[in-house]
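Take a look at the letters that make up each chain.
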Amino acid sequence: MGLRWKTKDNLMKYFILFFISLTLTFSASAVKEIHVDKQKCVLRVIDNDKIVFSAPVCVGKNKGQKKRAGDHKTPEGTFKITSIENSSGWDHDFRDGKGKIKGAYGPWFFRLNTPQSKHIGIHGTCFPNSVGTRSSDGCVRLRNSDLKNLKKHVKVGMKVIIHKD
């Protein structure tokens, strides 16, 4: 009889330890977040205080906090990714006389819940030479190859922190 209790106690202890380790594993993975440094034009994915991805980006032409659609500023603050959208077939007219350009947003668009505009996100570009500069209308642009690598880290609901200029 006494041996059974020791076995049950040991099983209970192992079960509790297993449950705690699972809880810690899932809570640790929940801290992955994206940081965008507008001054340095760089995006980083941070997982438990460790940089697991980094790439140069293009941000808004104008400095400061986005106040309204069309001000060419990248919003500052803490946001969440609300959707991951296949944008490979999207087009955009940059009003440069060239008309609509198919694939202007690259393969993916990670939409952000910014209060100033529902059209702000992290996406690719048809202008890879713009990466590392301030030339977007307010979104955060990456080279398409970097965006594909970033997608491996991204999920809906993920925190995105865009730091002030």
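Quick caveat: nothing in here was measured; it's all calculated off a predicted structure. Along each chain, residues carry numbers from 1 onward, in the same order as the chain's sequence is written. pLDDT decides what is reported in this predicted model: residues at 70 or higher carry local features, side-chain atom pairs at 80 or more are listed and counted, and totals for whole chains, interfaces and linings draw on all residues regardless. Hydrogen atoms and water are omitted, and side-chain values are computed over all heavy atoms in the structure.

(A) Representation of the pairing of strand S2 (residues 42–47). One requirement defines pairing of two strands: DSSP has to find at least two bridges between them. Under the DSSP-based scheme used, a helix requires at least four consecutive residues in state H or I and a strand at least two consecutive residues in state E, with every element numbered from the N terminus. Across five bridges, the pairing between strand S1 (residues 33–37) and S2 is antiparallel. Directly across from Val36, in S2, lies its bridge partner Leu43. Connecting S1 to the next strand, S2, in antiparallel fashion are four residues, including Cys41 with a positive phi near 55°. By the bridge criterion, six bridges tie S2 to strand S3 (residues 50–56) in an arrangement that is antiparallel. Counterpart to Arg44 in the pairing with S3 is Ser54. Linking two consecutive strands that pair antiparallel, namely S2 and S3, is a turn of two residues; a positive phi of about 55° is found at Asn48 within it.

(B) Focus on the side chain of Ser83. Relative to the helices and strands, Ser83 is located in strand S5 (residues 77–86). Separated by 2.5 Å, the side chains of Ser83 and Glu85 make a polar contact. Beyond its immediate stretch of four places on either side in the chain, Ser83 contacts Phe109, Phe110, Arg111 and Val156. As used in this structure description, the phrase polar contact means that two N or O atoms lie within 3.5 Å; if the pair is within protein, one of them must be able to donate a hydrogen and the other to accept it, and residues adjacent in sequence are counted only when both atoms belong to side chains. A contact between two residues is defined here by any heavy atoms of the two lying within 4.5 Å.

(C) Molecular detail of the packing of aromatic side chains. Aromatic rings from Phe, Tyr and Trp, taking only the six-membered ring of Trp, are treated as a pair when their centres fall within 6.5 Å; an angle between ring planes under 30 degrees marks them as stacked, one over 60 as edge-to-face, and anything in between as tilted. In the structure shown here, the tally under the stated rule is four aromatic pairs. Ring centres of Trp90 and Tyr105 lie 5.7 Å apart, and the angle between their planes is 75°; this geometry places the pair in the edge-to-face category. Of this pair, Trp90 sits in the loop between S5 and strand S6 (91–93) while Tyr105 sits in the loop between strand S7 (100–102) and strand S8 (108–112), and the two are 15 residues apart along the sequence. Burial classes: relative accessible area under 20% of the type maximum marks a residue as buried, over 50% as exposed, and values in between as partly exposed (1.4 Å probe, protein chains only). Overall, the relative accessible area of 18% leaves Tyr105 in the buried class. The structure contains a cluster of three or more aromatic residues connected by ring pairs, namely Trp90, Tyr105 and Phe109. The aromatic ring of Trp108 is capped on one face by Lys151, whose charged end is 4.4 Å from the ring centroid. By definition, being over a ring means that NZ of Lys or CZ of Arg is both within 6 Å of the ring centre and within 35 degrees of the ring normal.

(D) The arrangement of the nonpolar core in detail. Definition of nonpolar core: a set of buried residues of the types Ala, Val, Leu, Ile, Met, Phe, Trp, Tyr and Cys, connected through side-chain atoms within 4.5 Å. One finds Ile34, Leu43, Ile122, Leu142 and Leu150 to be the most contacted residues of the largest nonpolar core, which totals 27 residues. Mapped onto this core, the elements with two or more residues apiece are S1, S2, S3, S5, S8, helix H2 (144–151) and strand S12 (159–163). Excluding residues that lie within four positions of it along the chain, Leu142 makes contacts with Leu43, Phe53, Ala55, Pro56, Val57, Ile122, His123, Gly124, Thr125, Val131, Leu147 and Leu150.

(E) Representation of the side chain of Glu33 within the structure. By the element assignment, Glu33 lies in strand S1. In terms of polar contacts, Glu33 uses its side chain to reach the side chain of His35, at 2.9 Å. Leave out the neighbours within four places in its chain, and Glu33 touches Arg44, Val45, Ile46, Met158, Lys159 and Ile161.

(F) Just the sheet that holds S8, in detail. Taken in spatial order, the eight strands of this open sheet run S3-S2-S1-S12-S5-S8-S9-S11, and their pairing is mixed. In the strand order of this sheet, the two ends are held by S3 and strand S11 (140–141), each with one partner. Inspection of the sheet shows S1 paired to S12 by five bridges, in the parallel sense. Following the sheet pairing, His35 is matched in S12 by Ile161.

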